[in-house]
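The primary structure of each chain is shown beneath.
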Amino acid sequence: MSTVGAVVIGRNEGIRLQRCLKSLVPQVAHLVYVDSGSQDDSVAFARSLGATVVELGTETPFTAARARNAGFEALMGLAELDFVQFIDGDCTVEPDWIMQGMAAITADPSLGLVTGWRREIHPDNSIYNALCDVEWHRPAGEIKACGGDMLLRAMAFDDAKGFDPTVIAAEDDEFCQRLAAANWKLLRIPKQMTIHDANMLHFSEWWKRAERSGHGFAQVADLHIGYFSAERKRVLVFGGILPLMALIGLLFSTALLFGVITAYGLSYGRTILGLKKQGVEERPLLYQLSGLLSLSKLPNMIGMIRYYWRKHMGRDMRLIEYK
């Protein structure tokens, strides 16, 4: 389509990037790939498909937000495009997504952003992949925020002044808040958009990813007062206050320790009920996912602390990489 181009961002994505770029070539008129210091053949492969490649320098920290901004600028330098599809390099775009997304966004001039459904390619390969697959299940309709896969009106991108390159996690949430503040609507349509390949096979990878989420909770909330309020409260209680109380109880009070254990048990039960509402019924998967979600508050707390420490020390907000 002559009015839509795509920006793909990635770093050492390997075969996942190849699948991503190949899925977009037939669907868009112009394709830009932004690379954040890959050591594999990502750049060469993108060029072999005719994509315009932007290689980010190391003078400032790599972030997804920085990469998307650079990609948008490069894309606009190729042609006067009205719409941009942003995609992460670990995703494959469904063959009819661009057509479906364009039909929705062009039908309503008030729409600044349209997104769709994402699913995990190998949810059975690990409990961590399965958790990602559950995370991707979101209802269709008007939304407040979405992930990095989005079909965006170029005018809306300009109105929101692009992504904030200093935000290392949940940068899409942060961008969506400014998009809405610029009086643009955001919509998720009930269409399959992308297939994601988390390839997350180890506990350490999941832990780092949860740390990154906690960092995002704190940083975005600092920029948009009240945002991620519920998430931060849960992290503070279950990742900070209750572990401290458990330690005190272990040393001085059996009753206090029992109370903390009871609080965690009730939270675990609520998590199970929440997953059941989302359609997760298979056991022991249901119990494993609930356990991970309950445990995630600890690395979330570490991520939040890391953000505030970096801010206090005046340090750069560098990526927390998990793979």
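Criteria and thresholds
Residues numbered from 1 in each chain as written. Predicted model: local features only at pLDDT ≥ 70, side-chain atom pairs only at ≥ 80, totals over all residues. Heavy atoms only, no water. Helix = DSSP H or I, 4+ residues; strand = E, 2+ residues; numbered from the N terminus. Rg over C-alpha atoms; globule rule 2.2 N^0.38 Å. Buried < 20%, exposed > 50% of the residue type's maximum accessible area, 1.4 Å probe, protein only. Contact = heavy atoms within 4.5 Å. Areas by Shrake-Rupley, 256 points an atom, 1.4 Å probe, with all protein chains shown as cover. Lys, Arg positive; Asp, Glu negative; His and termini not counted. Charge placed at Lys NZ, Arg CZ, Asp CG, Glu CD. Axes fitted to C-alpha atoms, helices over the stretch in contact; angles between N-to-C directions. Parallel < 35°, antiparallel > 145°, perpendicular 65-115°, else oblique. Nonpolar A, V, L, I, M, F, W, Y, C, P; charged D, E, K, R; others polar. Salt bridge = Lys/Arg side-chain N within 4 Å of Asp/Glu carboxyl O. 1 Å grid on protein atoms, 1.4 Å probe; cavity = no way out; pocket = protein on both sides within 12 Å on 5 of 7 lines; lining within 4 Å. Points joined across faces, edges and corners; volume = space filled by probe spheres on them.

## Quick word on the overall build of the protein
In terms of regular secondary structure, the protein is built from 12 helices and 9 strands. Relative to the compact-globule value of 20 Å for 323 residues, the protein shows a C-alpha radius of gyration of 21 Å, a close match. Along the three orthogonal principal directions, the C-alpha set of the protein runs to about 70 × 45 × 40 Å. Within the protein, buried positions represent 50% of all 323 residues. Within the protein, contacts between residues at least 6 apart in sequence are counted, and of these 73% link residues at least 24 apart. Accessible area for the protein stands at about 15,100 Å²; split by element, carbon and sulfur atoms hold 58% of it. Across the protein, the 34 positively charged side chains and the 36 negatively charged ones have centroids separated by 7 Å.

## Describing the side chain of Arg209
Within the element layout of this structure, Arg209 appears in helix H8 (residues 203-223). Under the relative-accessibility criterion, Arg209 is labelled buried at 12%. Setting aside chain neighbours within four positions, we find Arg209 in contact with Cys132, Glu135, Trp136, Met200 and Tyr322.

## Description of unusual backbone geometry
Of the consecutive residues Arg283 and Pro284, the connecting peptide bond is found in the cis state with omega at 10 degrees. Tracing the sequence through the fold places Pro284 in the loop between helix H10 (254-277) and helix H11 (285-295). Positive phi, close to 60 degrees, is recorded for Ala170, a residue that is not glycine. Relative to the helices and strands, Ala170 resides in the loop between helix H6 (154-160) and helix H7 (171-181).

## With respect to the packing of helix H9 (residues 229-252) against helix H12 (residues 297-313)
Running from N to C, H9 and H12 point in directions that differ by 100 degrees, and their axes come no closer than 8 Å. Classified by the interaxial angle, the pair formed by H9 and H12 is roughly perpendicular. Facing Arg232, Arg234, Val235, Leu236, Phe238, Gly239, Gly240 and Pro243 of H9, the residues of H12 in contact are Lys297, Leu298, Asn300, Met301 and Met304. Here the contact of H9 with H12 is built from residues that sort into 7 nonpolar, 3 polar and 3 charged.

## A few points about H7
Counting buried residues in H7 gives 8 out of 11 residues, a clear majority hidden from the surface. Tucked inside the fold, the buried residues of H7 contact helix H3 (64-78), strand S6 (111-120), strand S8 (150-153), H6, strand S9 (185-196) and H8. Asn183 occupies a position one or two residues after H7 and carries a positive phi of about 70 degrees.

## Overview of the pattern of salt bridges
Inspection of every chain in the model, using the stated rule, returns 17 salt bridges. Salt-bridge contacts for Arg16 lead to Glu13; the nearest nitrogen and oxygen are separated by 2.7 Å. You'll find Arg16 and Glu13 in the same group, each marked buried. Arg119 is the salt-bridge partner of Glu94, the closest N and O atoms lying 4.0 Å from each other. Here the residue Glu94 occupies a position in the loop between strand S5 (91-93) and helix H4 (97-107), and Arg119 occupies one in strand S6, the gap between them amounting to 25 residues.

## Remarks on the layout of surface pockets
By volume, the second largest pocket amounts to about 220 Å³. In terms of lining, the second largest pocket is formed by 14 residues, of which the most central are Pro123, Asp124, Ala130, Asp133 and Leu285. Considering every element that reaches the lining of the second largest pocket, the biggest residue donor is helix H5 (residues 127-135), with 4 residues. Of the residues contributing to the lining of the second largest pocket, the split by class is 6 nonpolar, 5 polar and 3 charged.

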